[in-house]
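# Structural features, examined
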Amino acid sequence: DIQMTQSPSSLSASVGDRVTITCRASQSVSTYLNWYQLKPGKAPKLLIYAASSLPSGVPSRFSGSGSGTDFTLTISSLQPEDFASYFCQQSYSTPYSFGQGTKLEIK
Amino acid sequence: QLQLQESGPGLVKPSKTLSLTCVVSGGSISDSNYYWDWIRQPPGKGLEWIASIYYSGHTYYNPSLKSRVTISVDTSTNQFSLKLTSVTAADTAIHYCARRSSGHYEAYDYWGPGTLVTVSS
């Protein structure tokens, strides 16, 4: 099974900050890597698919990069609605696996 | 706009069976471009994929749960379901249903809001 490791597990930042979250896979997943945003009581939201592609409707301040085993999610200028938890997920092979999450909090 | 909504008991006794249903609205569960999945998140922990089903009934299970899990689909009512037997406190989690694209790059593009299932006597 492929293990996904995210860092940091939590992060404090201010509105307007640029933040980067990293995700590492235990083996190459090529670019089969997705990022999701989770907020309590709400349906999770797909932010990035195929490592760097933005679904329609996702703000351009979100970007993803990487391939193989190392990936990053960057938020270029934090907005109040971005304070949430973020998870990476590999879709390279089953069982599909997720990172343990990064909780982004207001400083 | 596609919507998914989980439903089921919020409290299940240890050793019993957890049963959840996901109703899909605003789209067809018989769309051949998608799979339908269950994913869970124990309190304070990460997400765990449980199982997937295609409209045809083809199923895929997480090996770690396979012996206890059954996923099924009802195309006539546009819903799919999850059963997890012999539950313990470790099965306490928010359970999400989600749609997964079946193209070259698969991703969960629509999710339900999740339902918390607590296993306790």
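## Observations regarding the overall build of chain A
Along chain A, the regular secondary structure elements total zero helices and 10 strands. The N-to-C order of helical and strand elements in chain A reads β-β-β-β-β-β-β-β-β-β. Relative to the globule expectation of 13 Å for 107 residues, the C-alpha radius of gyration of chain A, 13 Å, shows essentially globular dimensions. Principal-axis analysis of the C-alpha atoms places the extent of chain A at approximately 35 × 25 × 25 Å. For chain A, the proportion of its 107 residues judged to be buried stands at 49%. Put simply, 56% of the contacts in chain A that link residues at least 6 apart link residues at least 24 apart. The positive charge centre, built from 8 side chains, and the negative charge centre, built from 6, are 5 Å apart in chain A.

## Considering the sheet that holds strand β3 (residues 18–25) of chain B
All names here are of chain B. In spatial order, the strands read β1-β3-β8-β7; together these four strands make up an open sheet with antiparallel pairing. Two strands close off the open sheet at either side, each with one partner strand: β1 (3–7) and β7 (69–74). With direction set aside, neighbouring strand axes in the sheet form an average angle of 15°.

## Digging into the packing of aromatic side chains
Summed over the entire model, instances satisfying the criterion amount to 15 aromatic pairs over all chains. Plain terms: the ring middles of Tyr36 of chain A and Phe98 of chain A are 6.2 Å apart, the flat faces sit at 50° to each other, and that makes the pair tilted. In this pair, Tyr36 of chain A is assigned in strand β4 (residues 33–38) and Phe98 of chain A in strand β9 (residues 97–98), connecting sequence segments 62 residues apart. When sorted by exposure, Tyr36 of chain A lands in the same class as Phe98 of chain A, which is buried. Relative to Tyr54 of chain B, the ring of Tyr35 of chain B lies with its centre 5.0 Å away and its plane at 40°, an arrangement referred to as tilted. Here Tyr54 of chain B lies in the loop between β5 (48–53) and β6 (59–61) and Tyr35 of chain B lies in strand β4 (residues 34–41), a separation of 19 residues in the sequence. We note that Tyr35 of chain B, like Tyr54 of chain B, is buried. In this structure an aromatic cluster arises from ring pairing among Tyr36 and Phe98 of chain A together with Tyr96, Tyr108 and Trp111 of chain B. Positioned over the ring face of Tyr34 of chain B is Arg99 of chain B, at 3.5 Å from the centre of the ring.

## With respect to the pairing of β4 of chain B
All names here are of chain B. Most of β4 is tucked away, with eight of its eight residues classed as buried. Both faces of β4 are covered, namely the face carrying Tyr34, Trp36, Trp38 and Arg40 and the face carrying Tyr35, Asp37, Ile39 and Gln41. As defined by bridge partners, β4 adjoins strand β9 (residues 93–101) across eight bridges and the pair is classed as antiparallel. Residue pairing for β9: Gln41 is matched across the bridge by Ile94. Strand direction decides the pairing type here: β4 and β5, joined by five bridges, are antiparallel.

## Some words on the state of the cysteines
Residue and element names in this part refer to chain A. Enumeration according to the criterion identifies two disulfides over all chains in this entry. Between the sulfur atoms of Cys23 and its disulfide mate Cys88 the distance is 2.1 Å. On the sign convention where negative is left-handed, the bridge of Cys23 and Cys88, at about 70° about the S-S bond, is right-handed. Within this pair, whereas Cys23 is found in strand β3 (residues 19–25), its partner Cys88 is found in strand β8 (residues 85–90), the two being separated by 65 residues in sequence. Here Cys23 matches Cys88 in class, with each residue buried.

Calculation rules
- Residues numbered from 1 in each chain as written.
- Chains lettered and ligands numbered in written order.
- Predicted model: local features only at pLDDT ≥ 70, side-chain atom pairs only at ≥ 80, totals over all residues.
- Heavy atoms only, no water.
- Helix = DSSP H or I, 4+ residues; strand = E, 2+ residues; numbered from the N terminus.
- Rg over C-alpha atoms; globule rule 2.2 N^0.38 Å.
- Buried < 20%, exposed > 50% of the residue type's maximum accessible area, 1.4 Å probe, protein only.
- Contact = heavy atoms within 4.5 Å.
- Lys, Arg positive; Asp, Glu negative; His and termini not counted.
- Charge placed at Lys NZ, Arg CZ, Asp CG, Glu CD.
- Pairing = 2+ DSSP bridges.
- Axes fitted to C-alpha atoms, helices over the stretch in contact; angles between N-to-C directions.
- Phe/Tyr/Trp six-rings, centres within 6.5 Å; stacked < 30°, edge-to-face > 60°.
- Lys NZ or Arg CZ within 6 Å of the ring centre and 35° of its normal.
- Disulfide = S-S within 2.5 Å.

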